[in-house]
Structures are given as C-alpha cells and as structure tokens.
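In case you want the letters, here they are:
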Amino acid sequence: QVQLVESGGGKVQAGTSLRLSCAASGSIFSINAMRWYRRAPGKLRELVASVTSGGSTNYADSVKGRFAISGDKANNTVYLQMNSLKPEDPDVYYCNIGVVFPGANPEDYWGKGTLVTVSS
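About the criteria used
- Residues numbered from 1 in each chain as written.
- Predicted model: local features only at pLDDT ≥ 70, side-chain atom pairs only at ≥ 80, totals over all residues.
- Heavy atoms only, no water.
- Salt bridge = Lys/Arg side-chain N within 4 Å of Asp/Glu carboxyl O.
- Helix = DSSP H or I, 4+ residues; strand = E, 2+ residues; numbered from the N terminus.
- Buried < 20%, exposed > 50% of the residue type's maximum accessible area, 1.4 Å probe, protein only.
- Core = buried A, V, L, I, M, F, W, Y, C linked by side-chain atoms within 4.5 Å.
- Contact = heavy atoms within 4.5 Å.
- Pairing = 2+ DSSP bridges.
- Phe/Tyr/Trp six-rings, centres within 6.5 Å; stacked < 30°, edge-to-face > 60°.
- Lys NZ or Arg CZ within 6 Å of the ring centre and 35° of its normal.
- Axes fitted to C-alpha atoms, helices over the stretch in contact; angles between N-to-C directions.

Here we take up the pattern of salt bridges. Scanning all chains against the criterion turns up five salt bridges. Taking the shortest distance from any N to any O, the salt bridge between Asp89 and Arg38 comes out at 3.0 Å. In this pair, Asp89 sits in the loop between β8 (77-82) and β9 (92-100) while Arg38 sits in strand β4 (residues 30-39), placing the two residues 51 residues apart along the sequence. Since its relative accessible area comes to 2%, Asp89 is described here as buried.

Structure representation (structure tokens):
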C-alpha cells in the first residue's frame, strides 16, 4: 500500500507564495510521474502541473510562469512552488503519484488534499 501526505497549505494574501509538499511512503518500486491537481468548490478537479521520472514538466496555462513543480526521487516527494498567488487560484490541492510495480500496470495514488486560501 502507498500513502501520500501533503503539507504546506494555508491562508495567504494575493501576490505571495506557498510551497506544497507531498511525501509518498509504502511499497514503492518506482514512480513514473508526480502531479498536482486542484479543485475549487463546485468545479471539477483540474491538473495543475506534472513531472515525469525523466524530469519533463507540464503546466496548466493558468499557472505557467507562476508555479513550479519538482520531484525528489530519492525521498519520493513532490513539491509545488506557487508564486504570485491570485484570489482565483482554487482552494484544495491534491497530489497524485503514479507508482510502477514489477509486472503490473502503474497505479495512481492520491493524497487527501491540502487547503490553499488566497485573500485579496
């Protein structure tokens, strides 16, 4: 079993920064990708950023130039540096990690979410 623990959320003012962390533990053979999603109340969850095991990153248009994702393979941890936060940046951020097991398809695991509130 794989567990994900997120941290770093909080309440900040617009224009400031936060850094989210997500640490994975358990029976992890290897990780093929790490992602951050977010969801505002009443809206669908959206992909914010992703990083592959090879280091390739991808970002939602709404966060390009403001957010940066990075992965620490040695510690099975993914980070999301969020700069220039806006009041419209949605509330709950979830990490997602694709875990590879020998002889099986990769499986996705989710954290429980961490709340980010941005006030104007």
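Moving on, there is more to tell.
Moving on, we come to the nonpolar core. Judged by nonpolar contacts, the single largest core of 31 residues is most densely connected at Trp36, Leu80, Met82 and Tyr93. Setting aside its immediate chain neighbours within four residues, Leu80 contacts Leu18, Arg19, Leu20, Trp36, Val48, Ala49, Phe67, Ala68, Ile69 and Tyr93.

Moving residue by residue along a regular strand, the side chains alternate between the two faces of the sheet. Of the two faces of strand β11 (residues 114-119), the one holding Thr114, Val116 and Val118 is buried and the one holding Leu115, Thr117 and Ser119 is not buried anywhere. Pairing geometry for β9 and β11, over two bridges, is antiparallel. When the sheet's bridge partners are listed, Tyr93 is paired in β11 with Thr114.

A separate point is the packing of aromatic side chains. A full pass over the atoms with the stated rule returns one aromatic pair. Both rings, one in Tyr37 and one in Trp110, keep their centres 4.8 Å apart while their planes meet at 55°; by these two values the pair is tilted. Here Tyr37 is found in strand β4, whereas its partner Trp110 is found in strand β10 (residues 107-110), with 73 residues between them in sequence. Owing to a relative accessible area of 34%, Trp110 belongs among the partly exposed residues under this scheme. Over the ring of Tyr79 we find Arg19, and its NZ or CZ is 4.0 Å from the ring centre. Looking at Arg45, its charged tip hangs above the ring of Tyr94, at a distance of 5.5 Å from the centre.

Right, let's talk about the sheet that holds strand β1 (residues 2-7) for a bit. Reading across from one edge, β1-β3-β8-β7 is the order of the four strands in this open sheet, with antiparallel pairing throughout. Here the strands that pair on one side only, and so sit at the sheet edges, are β1 and β7 (67-72). In this sheet, adjacent strand axes meet at a mean angle of 15° when their direction is disregarded. Of the pairings in the sheet, the one linking β1 to strand β3 (residues 18-26) comprises six bridges and is antiparallel in character.

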